[in-house]
Amino acid sequence: MQKPRVHFARTRDGVSIAYSVAGQGHPLLFLSGWVSHLEVEVTGEPIVRFLDGLSGGGRRRVVRFDWRGTGLSDREVSDVSAAKRVADLEAVVEALGAEQVAIFAWALSGPPALMYAAAHPERVSHLILYGTLASGPMPNPALARALIDLVRADWTVGARTMVQVIARGIDTRTIDDGAKFLEAAASGEVAAAILEEGYFKIDVRDVVPRVKVPSLVLHRRDDPAVPFTAGRELAALLPSANFLPLPGDATNPWIGDPGPILRAVDDFLADEEGVTEAPAGADAGAGLLTILFTDLAGSTALTQRLGDAAAQELLRAHNTIVRERLREHGGTELKSMGDGFMASFPSGSRALECAIAIQQALAAYNDGRKDAILVRIGLNAGEPVAEDADLFGTVVQAAARIAARARPGQILVSDVVRQLAAGKSFRFNPVGRFALKGFRERQRLFEVVY
């Protein structure tokens, strides 16, 4: 199985989060239960087969990411609490650009998933909670404390011990591989901090009743890491939950018999199958496309000046305006970068009309406001490379560089886009030839007059 390409999203508190996308269709976020590493695979096929099963035969985009402090995401972080990890989830969902996602959360990823679903019900279509909890402590707090202290004191011994605890009855080679994986995925301090919060501090029982999205709670009866009673309590607190008890004594969903889990997920998500299409812009046979990038000018300065709450309100208004214009003009949103968007269009004219409509809508929104939303827009056209429901190549890179070159409120386009619009009513002013980072030849750029 070919490893999917790794992308990066940035949280609003500046942490870089690594994520990968495999397949097409409606996105299903598979959240790591503890620590993870997107580029270090455990030897053997169980997890690969399980992820293939979650994709539903290619009907879903399976999205994985490394929580802060783990894997390819920023390691130098001081806080890995559930509240902070909600920001990681927010960043990845925004980067995907999907209106809604389904979420599969297990073990210690359950609390941040519940917090996100309560805060953003419009972004979550389905919530699957496997082997997780709403609150600690564990039934045997002395054992939990001993495990955390061991992980913190000697990560090599602690990692091996944790593998044996969470996956009973596995062979020595699997234990060795699992321990090496854990050691590569995070430091002992980060691993211990996540465990400590999950086992002793976390309590989202006041949040759970506010989760209104359809929910499925799955729990193996003899789960050694999170007791069966915790799953039953969680299901009782959720307003729209189905609870399905499962046989087995392994925490990892791919260990033992994953068949009942995969069948339950398929049945639960059946109502969305065949409804969501893969992004048209990522079709390998789409040919010539026009790529549009937007960039919110001075987003960091806005946050510092206005504070998080007021800046977030402006960002929501910005996102709504851009997304509405993309829909109106036939654009395909490929990703959100937190303070900007990447989209594709089947024609240059549609892309230009959309860019103008975005700037005009923002101007109307800004009228009379002290804090204006100013956006740079850049366009380029060509035949990009399509992979994993995304677009790549020099065409995309040039579009991003052109957007970075634009002034706030300006639309800059390549000469290719100008030529595609020949004979139309668009007006262009030449702004000169510019050296774009990573490109050998200087590029002729034009400003769109609107």
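Everything quoted here is computed from the prediction, not taken from an experiment.

Cut-off values and rules
For every chain, the first residue of its written sequence is number 1, and the numbers climb from 1 along that sequence. pLDDT decides what is reported in this predicted model: residues at 70 or higher carry local features, side-chain atom pairs at 80 or more are listed and counted, and totals for whole chains, interfaces and linings draw on all residues regardless. Remark: hydrogens and water are excluded; side-chain values derive from all non-hydrogen atoms of the structure. Helix numbering and strand numbering both begin at the N terminus, where a helix is a DSSP run of H or I of at least 4 residues and a strand a DSSP run of E of at least 2. We compute the radius of gyration over the C-alpha atoms and compare it with the globule rule, which gives 2.2 Å times the number of residues raised to the power 0.38. Here the term buried applies to any residue with accessible area under 20% of the maximum for its type, exposed to any over 50%, and partly exposed to those in between, with areas from a 1.4 Å probe on protein chains only. Note on definitions: a residue-residue contact is assigned when non-hydrogen atoms from the two residues lie within 4.5 Å. To measure how exposed things are, a 1.4 Å probe is used in the Shrake-Rupley method; for residues, cover is taken only from the protein chains shown. The convention is simple: Lys and Arg are positive, Asp and Glu are negative, and His and the chain ends are not counted. Charge positions come from single atoms, namely NZ of Lys, CZ of Arg, CG of Asp or CD of Glu. Pairing between strands is defined by DSSP: at least two bridges between the two strands are required. Think of each axis as a best-fit line through the C-alpha atoms, taken over the contacting stretch in the case of a helix, with angles from 0 to 180 degrees between the N-to-C directions. Convention used here: angles under 35 degrees read as roughly parallel, angles over 145 as roughly antiparallel, angles from 65 to 115 as roughly perpendicular, and any remaining angle as oblique. What makes a crossing left-handed is the near helix being turned counterclockwise from the far one by less than a right angle; a clockwise turn instead makes it right-handed. We call Asp, Glu, Lys and Arg charged. Ala, Val, Leu, Ile, Met, Phe, Trp, Tyr, Cys and Pro are nonpolar, and the rest, Gly among them, are polar. For this quantity, the arc is that covered by the directions from the helix axis to the C-beta atoms. When the centres of two rings from Phe, Tyr and Trp lie within 6.5 Å, Trp using its six-membered ring, the rings pair. Their planes under 30 degrees apart give stacked, over 60 give edge-to-face, and anything left gives tilted. N or O atoms closer than or at 3.5 Å make up a polar contact, with two conditions inside protein: a donor-capable atom paired with an acceptor-capable one, and, for residues adjacent in sequence, both atoms drawn from side chains.

A.B. asks: Which parts of the structure should I look at to understand the overall build of the protein chain?
C.D. replies: When helices and strands are counted, the protein chain shows 14 helices and 17 strands. For the protein chain, the C-alpha radius of gyration of 24 Å lies close to 22 Å, the compact-globule estimate for 450 residues. When its C-alpha atoms are laid out on the principal axes, the protein chain stretches across 75 × 45 × 40 Å. Per-residue burial for the protein chain yields a buried fraction of 55% across its 450 residues. Across the protein chain, the fraction of contacts at a sequence separation of at least 24, relative to all contacts at a separation of at least 6, is 75%. Carbon and sulfur atoms provide 49% of the accessible area of the protein chain, an area that totals close to 19300 Å². Charge centroids of the protein chain, computed over 49 positive and 54 negative side chains, lie 5 Å from each other.

A.B. asks: Can you walk me through the sheet that holds strand 3 (residues 26-31) in this structure?
C.D. replies: Hydrogen bonds between backbone atoms are what pair the strands of a sheet, whose relative direction is either parallel or antiparallel. Pairing in this open sheet of eight strands is mixed, and the strands run 1-2-4-3-5-6-7-8 from one edge to the other. Each of the sheet's edge strands pairs with one partner strand only, and the pair in question is strand 1 (6-10) and strand 8 (241-246). Each neighbouring strand pair of the sheet contributes to a mean axis angle of 25 degrees, computed without reference to strand direction. Alignment of strand 7 (residues 215-220) against strand 8, held across six bridges, turns out to be parallel. Of the residues in strand 8, the one forming a bridge with Val217 is Phe243. On top of the sheet, helix 9 (residues 259-268) reaches strand 4 (60-65), strand 5 (101-106), strand 6 (124-130), strand 7 and strand 8; it is set at about 170 degrees to strand 7, its chief contact.

A.B. asks: It is not clear to me how the packing of helix 5 (residues 155-166) against helix 6 (residues 172-185) should be interpreted in this structure. Could you clarify?
C.D. replies: Helix-helix packing: each pair is described by the crossing angle between the helix axes and the interaxial distance. The interhelical angle for the contact between helix 5 and helix 6, taken along N-to-C directions, is 125 degrees, at an axis separation of 8 Å. Taken together, the axes of helix 5 and helix 6 lie oblique to each other. For the element pair helix 5 and helix 6, the recorded crossing hand is right-handed. Judged by residue contacts, Trp155, Thr156, Ala159, Arg160, Met162, Val163 and Gln164 of helix 5 engage Thr172, Thr174, Ile175, Asp176, Gly178, Ala179, Leu182 and Glu183 from helix 6. Class assignment for the residues of the contact of helix 5 with helix 6 results in seven nonpolar, five polar and three charged.

A.B. asks: I would appreciate a short explanation of unusual backbone geometry in the present structure.
C.D. replies: Keep in mind that most residues, glycine aside, have a negative phi and that most peptide bonds are trans. Despite not being glycine, Ala107 has its phi angle at roughly 50 degrees, a positive value. Inspection of the secondary structure assignment puts Ala107 in the loop between strand 5 and helix 3 (110-119). By relative accessible area, which is 8% here, Ala107 ends up buried.

A.B. asks: What am I meant to see in helix 8 (residues 228-237) here?
C.D. replies: Turn by turn, an α-helix covers 3.6 residues, leaving residues three or four places apart pointing in a common direction. Considered for burial, the residues of helix 8 that qualify are Phe228, Ala230, Gly231, Leu234 and Ala235. All buried residues of helix 8 lie within an arc of 160 degrees about the axis, which places them on one face of the element. Each element contacted by the buried residues of helix 8 is listed here: helix 3, strand 6, strand 7 and strand 8.

A.B. asks: Is there a simple way to think about the packing of aromatic side chains in this case?
C.D. replies: Two aromatic rings are characterised by how far apart their centres lie and by the angle between their planes. Throughout the structure, instances matching the rule amount to nine aromatic pairs. Both rings, one in Trp34 and one in Trp155, keep their centres 5.9 Å apart while their planes meet at 80 degrees; by these two values the pair is edge-to-face. Of this pair, Trp34 sits in the loop between strand 3 and helix 1 (46-54) while Trp155 is found in helix 5, placing the two residues 121 residues apart along the sequence. Owing to a relative accessible area of 12%, Trp155 belongs among the buried residues under this scheme. Summarising the aromatic geometry, the rings of Phe50 and Phe104 are spaced 6.2 Å apart at their centres and angled 80 degrees between planes, so their arrangement reads as edge-to-face. Here the residue Phe50 occupies a position in helix 1, and Phe104 occupies one in strand 5, the gap between them amounting to 54 residues.

A.B. asks: For this particular structure, what's the right way to read the sheet that holds strand 16 (residues 427-434)?
C.D. replies: Read across the sheet, seven strands follow the order 10-11-9-12-15-17-16 without closing on themselves; strand pairing throughout is mixed. Looking at the sheet topology across the chains shown, the edges are occupied by strand 10 (332-336) and strand 16. Put simply, the sheet's adjacent strands are angled 25 degrees from each other on average, direction ignored. Sheet topology places strand 9 (residues 289-296) next to strand 12 (residues 375-382); eight bridges connect them, and they run antiparallel. Directly across from Thr294, in strand 12, lies its bridge partner Ile377. Across the sheet, helix 13 (residues 394-405) is in contact with strand 9, strand 11 (340-345), strand 12, strand 15 (411-414), strand 16 and strand 17 (443-449); its angle to strand 12 comes to roughly 155 degrees.

A.B. asks: I tried to follow the environment of Pro430 on my own but got confused; where do I start?
C.D. replies: Mapped onto the elements, Pro430 comes out in strand 16. In this structure the C-alpha to C-alpha distance between Pro430 and Leu362, which are 68 residues apart in sequence, comes to 24 Å. Ignoring any residue separated from it by four or fewer positions in sequence, one finds Pro430 in contact with Leu445 and Phe446.

A.B. asks: Explanation requested: the packing of helix 4 (residues 141-153) against helix 5 in the structure shown.
C.D. replies: At their nearest, the axes of helix 4 and helix 5 sit 6 Å apart, and the two run at 140 degrees to each other. The orientation of helix 4 relative to helix 5 falls into the category oblique. The handedness of the crossing between helix 4 and helix 5 comes out as left-handed. Contacts between helix 4 and helix 5 pair Leu147, Leu150, Val151 and Ala153 from the former with Trp155, Val157, Gly158, Thr161, Met162 and Val165 from the latter. Of the residues in the contact of helix 4 with helix 5, the class split is eight nonpolar, two polar and no charged.

A.B. asks: Even after reading the chapter, I still don't get the side chain of Ser109, so can you show me in this structure?
C.D. replies: Structurally, Ser109 is set in the loop between strand 5 and helix 3. Separated by 2.7 Å, the side chain of Ser109 and the backbone oxygen of Trp106 make a polar contact. Those residues in contact with Ser109 that lie beyond four places of it in its chain are Leu31, Ser32, Gly33 and Trp67.

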